[in-house]
Amino acid sequence: LHQGWVLRANGGFTKRANAVSALQAQAPWAGVQATAEAHYARLGQPAVFRITPLAPAEADAALERSGYRHFVLGDDGPIGGRSTRRPRALCPRAHG
């Protein structure tokens, strides 16, 4: 944990299980990107950030300025009549 953000690591099998996510609304962003990038570099993995409604807007903007790109962690289709809108995520442009 770092300032209300969790840095998950599960051996690199899926992006969701190896991603940084805010655990509280508007979790402070200062230092999170650098801490996460160093953490995942030690593991030999790219840093992947889940951008959910809990993440502050500055996180999304900072990651885009740093060259991260967006992708969706799953389908956005309905299941059982309910919306299953999934969070967007950002990863370095060199990884997919």
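Note that the structure is predicted; figures quoted are calculated from it, not measured.

What counts and how
- Residues numbered from 1 in each chain as written.
- Predicted model: local features only at pLDDT ≥ 70, side-chain atom pairs only at ≥ 80, totals over all residues.
- Heavy atoms only, no water.
- Helix = DSSP H or I, 4+ residues; strand = E, 2+ residues; numbered from the N terminus.
- Buried < 20%, exposed > 50% of the residue type's maximum accessible area, 1.4 Å probe, protein only.
- Areas by Shrake-Rupley, 256 points an atom, 1.4 Å probe, with all protein chains shown as cover.
- Core = buried A, V, L, I, M, F, W, Y, C linked by side-chain atoms within 4.5 Å.
- Contact = heavy atoms within 4.5 Å.
- Arc of directions from axis to C-beta.

What about the overall build of the protein?
Here comes step 1: Counting its regular elements, the protein contains two helices and five strands.
Here comes step 2: Listed by position from the N terminus, the elements making up the protein come as β-β-α-β-α-β-β.
Here comes step 3: For the protein, the proportion of its 96 residues judged to be buried stands at 39%.
Here comes step 4: Accessible surface, the protein as shown: approximately 5,500 Å² in total, 53% of it carbon and sulfur.

Focus on the nonpolar core
Here comes step 1: Core analysis: the biggest nonpolar cluster contains 17 residues, and W5, V20, W29 and F49 have the highest contact counts within it.
Here comes step 2: Of all the secondary-structure elements, those providing two or more residues to this core are β1 (5-7), β2 (20-22), α1 (32-42), β3 (49-51) and α2 (57-65).
Here comes step 3: Setting aside residues no more than four positions away along its own chain, V20 makes contact with W5, V6, L7, V32, A36, Y40, V48, F49 and R50.

What to know about α2
Here comes step 1: Buried within α2 we find A59, D60, A62 and L63. Each buried residue of α2 lies within a common arc of 170 degrees when the element is viewed along its axis, so the set occupies one face. Among the exposed residues of α2, those oriented more than 90 degrees off its buried face are A57 and R65.
Here comes step 2: One or two steps after α2, the chain reaches G67, where phi turns positive at roughly 95 degrees.

Some points on unusual backbone geometry
Here comes step 1: For Q3, which is not glycine, the phi dihedral falls at a positive 50 degrees.
Here comes step 2: Within the chain, Q26 stands out as a residue other than glycine whose phi angle is a positive 55 degrees.
Here comes step 3: By secondary structure assignment, the location of Q26 is in the loop between β2 and α1.
Here comes step 4: Judged by its relative accessible area of 52%, Q26 falls in the exposed class.

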